[in-house]
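Close look at the chain arrangement
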There are 2 protein chains.
Amino acid sequence: MNKTQVKAATHTYPVSIGENLRHHTEDYLPKDYSSILIVTDASVSDYYLSDVMASLSNKNVFSHAIPSGEKAKNIDTFYEIQTKAIECGLDRQSLIIALGGGVVGDVTGFAAATYMRGIDFIQMPTTILAHDSSVGGKVAINHAHAKNMIGNFYAPAAVIYDVETLYTLNAKEVRSGYAELLKEALLADKDLYDALMKTDLTSLYSQKLINHLTKGIEIKAGIVEVDEHEAGLRKHLNLGHTLGHALESIFGYGSWTHGELVAIGLLFSLRVSEHAYSTNLPFEEVFTWLKNNDYPLQLPELDPETILSKMKSDKKTLNSKIQLVLLQAIGQPALMEISDEKLLKHIQDFQLEMKQRSEQGAEQYEK
Amino acid sequence: MNKTQVKAATHTYPVSIGENLRHHTEDYLPKDYSSILIVTDASVSDYYLSDVMASLSNKNVFSHAIPSGEKAKNIDTFYEIQTKAIECGLDRQSLIIALGGGVVGDVTGFAAATYMRGIDFIQMPTTILAHDSSVGGKVAINHAHAKNMIGNFYAPAAVIYDVETLYTLNAKEVRSGYAELLKEALLADKDLYDALMKTDLTSLYSQKLINHLTKGIEIKAGIVEVDEHEAGLRKHLNLGHTLGHALESIFGYGSWTHGELVAIGLLFSLRVSEHAYSTNLPFEEVFTWLKNNDYPLQLPELDPETILSKMKSDKKTLNSKIQLVLLQAIGQPALMEISDEKLLKHIQDFQLEMKQRSEQGAEQYEK
């Protein structure tokens, strides 16, 4: 098992990553609680809820399942968790555990952050993608008009990451999570990047997962410790996300996963970075790795103006100018303000390149 | 004009109290903002919104009116403010102003605390009662099952208190506000207490109001600066509120105001304190002052068990034992855990005494 610590403004919390942890949840609680509410979702519930319940000796343990999927990350789900917490008699010495992926973590964390103006909560991520959202203290729900619009910065009391819960993930979910790991590697760690480029996502094993997740979390923690409230450095974590989020909002959380669209966003960032800094970046290597690991890279035809306008409606937009996270080299991110005109040109070029590459791919396949 | 400073965990903010401030709002903003949304309620809007709008030179000033009254302090109002903020294009450099009483301040503050995970907000209280809620950073909405259940600790960027906006308050609202001032005086300031006992609420004037409000805010600030997140000392501010809130929840925010019920709660605290510490406290003087100032002191017949159970459902209850704030003397508050049995006896005695006093009052009147 690996253990790391994350420093938040209010407190430092432990992140434990290993096998079998869900059967020993109690050992990882930072203190005694008067009662515990486990929030999970319909799919995770079937697999792991009873394990976690059984691992807690507290007499007052309750559970609540929210619907699965991004669309559950809304104000109604949030309010239902509050109702459940009141009905179970949770007080200021109680704990809420978020057992699930990013959606469960985000909405549950926001409920805990606001229940009686904030009680302890613990993240128990059950997806690879959630390694990213489970540390750093960003909790939120979506507004009907915009993603993650309503939330808090609220650090968990602990993160308990049982990698065994990742074995039930399907290939799409594994890809989605590894795109964020790739992002972290590009931002800060050439060694992790090299390791990922050698990784076949269909043949992962426990210790490899533990090491990749630990590295990813350490990179993220290193950034959020310096800039918890996203005044500067933390913006680097948006590498690949400005385009990724725009595509997500166009496709409406449909057949593409978050990470799959971030992967495309990362390719875009690499290309724009090469132009901006007249430098060579491993676009080709990343493209090949994504392709070999079955990331969907063939975008449907989209109006570049629509993409641009979605990029601008992202909440990180300041005074309507887009700040893009770029790379001067692997491990050297930088922010660049970019005019609409230039950005539109980059989008068009990128769409064209991706289209040509996918046609070439098809041709090769036909040969 | 009086000016005082309040230290919060995240920053120190100025509180300005004086005449005519709403015509110079811009002078009291701590910095420039990309846009400003003023949230007010239907009744305040008619009186003061245009003054505040006119006093801001920022080109992007928007306004939003919520319904008046406690029942508007709910999740729907909260979400509507978020929607309005998005529609107006507010970003992380924007400001939300809460122009109104405690309800407007609480729900608007919570919206600001969570919009994009927190943007600046300024309190512009328009009631005497709101002097209390506008400092200290408690923001919240009510859950259908419990008051102030969903919220944050989130300090404002400034408090701008124009006492001219208090001249439109009716007698009930003046009484409501002065009950909280009386509470603060009892907790910490014998001089303010003596001054209040000489105050006729029907003949207030500007400088007197400014001085009372400044004193009250300084007392509150002194407490919340030591214990922003209510781990200990801040609980003293609940003096009179355990019974007050219980009565409020029984009457359902009807014809009694918050402060009127707190006034009854203060009398109860004084009586219980006399028993607990075998000491003399100025129950008689407070009772007479409340009576002379037309506070309604005649409670309807209520089952004491019902009152007790409502007291216990208050969210400050820890492990189901009631902690009551008592006074060893004026300026010397203390917390005491009290058994259900004893508390029930105190409630019954208090109900009986209040009933006898009101019958005596009626007899005197008949003579």
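Residues numbered from 1 in each chain as written. Chains lettered and ligands numbered in written order. Predicted model: local features only at pLDDT ≥ 70, side-chain atom pairs only at ≥ 80, totals over all residues. Heavy atoms only, no water.

Labelled according to an unreviewed UniProt entry, chain A appears under the name 3-dehydroquinate synthase, originating from Lentibacillus amyloliquefaciens. What the UniProt record of chain A gives under Catalytic activity (unreviewed entry) is the line "7-phospho-2-dehydro-3-deoxy-D-arabino-heptonate = 3-dehydroquinate + phosphate". Recorded under Subcellular location (unreviewed entry), the UniProt text for chain A is reproduced unchanged: "Cytoplasm". (UniProt positions renumbered as here; feature names shortened; annotations may be inferred.)

Quick look at the sheet that holds strand S9 (residues 158-162) of chain A now. All names here are of chain A. Taken in spatial order, the 7 strands line up as S1-S2-S9-S6-S5-S3-S4 in an open sheet, and their pairing is mixed. Two strands bound the open sheet, and with one partner strand each, they are strand S1 (2-7) and strand S4 (61-66). Mean inter-strand twist for the sheet, computed between neighbouring axes without regard to direction, equals 20°. By the bridge criterion, 6 bridges tie strand S3 (residues 36-41) to S4 in an arrangement that is parallel. (Pairing = 2+ DSSP bridges. Helix = DSSP H or I, 4+ residues; strand = E, 2+ residues; numbered from the N terminus. Axes fitted to C-alpha atoms, helices over the stretch in contact; angles between N-to-C directions.)

The next subject is the environment of A:Ala9. Secondary-structure assignment places A:Ala9 in the loop between S1 and strand S2 (12-18). Sequence separation between A:Ala9 and A:Ile307 is 298 residues, and the spatial gap between their C-alpha atoms is 36 Å.

What follows covers the interface of chain B and chain A. Residue-level contacts link 36 residues of chain B with 36 residues of chain A. Interface area lost by chain B to chain A is led by B:Tyr79, B:Arg92 and B:Arg117, which between them contribute 24%. Two residues, A:Glu230 and B:Arg92, come together in a salt bridge whose shortest N-O distance is 3.1 Å. For the interface between chain B and chain A, the tally reads 15 residue pairs in polar contact (both at pLDDT 80 or more). Elements with a minimum of two residues in the side of chain B that touches chain A: helix H2 (75-87), helix H3 (102-114), strand S7 (138-143) and strand S8 (146-153) of chain B. The dominant element in the side of chain B that touches chain A, judged by the number of residues it contributes, is H2(B), at 7 residues. Looking at the side of chain B that touches chain A residue by residue, the classes come out as 15 nonpolar, 13 polar and 8 charged. (Contact = heavy atoms within 4.5 Å. Buried area = accessible area lost by both parts, 1.4 Å probe. Salt bridge = Lys/Arg side-chain N within 4 Å of Asp/Glu carboxyl O. Polar contact = N/O pair within 3.5 Å; in protein donor to acceptor, adjacent residues only side chain to side chain. Nonpolar A, V, L, I, M, F, W, Y, C, P; charged D, E, K, R; others polar.)

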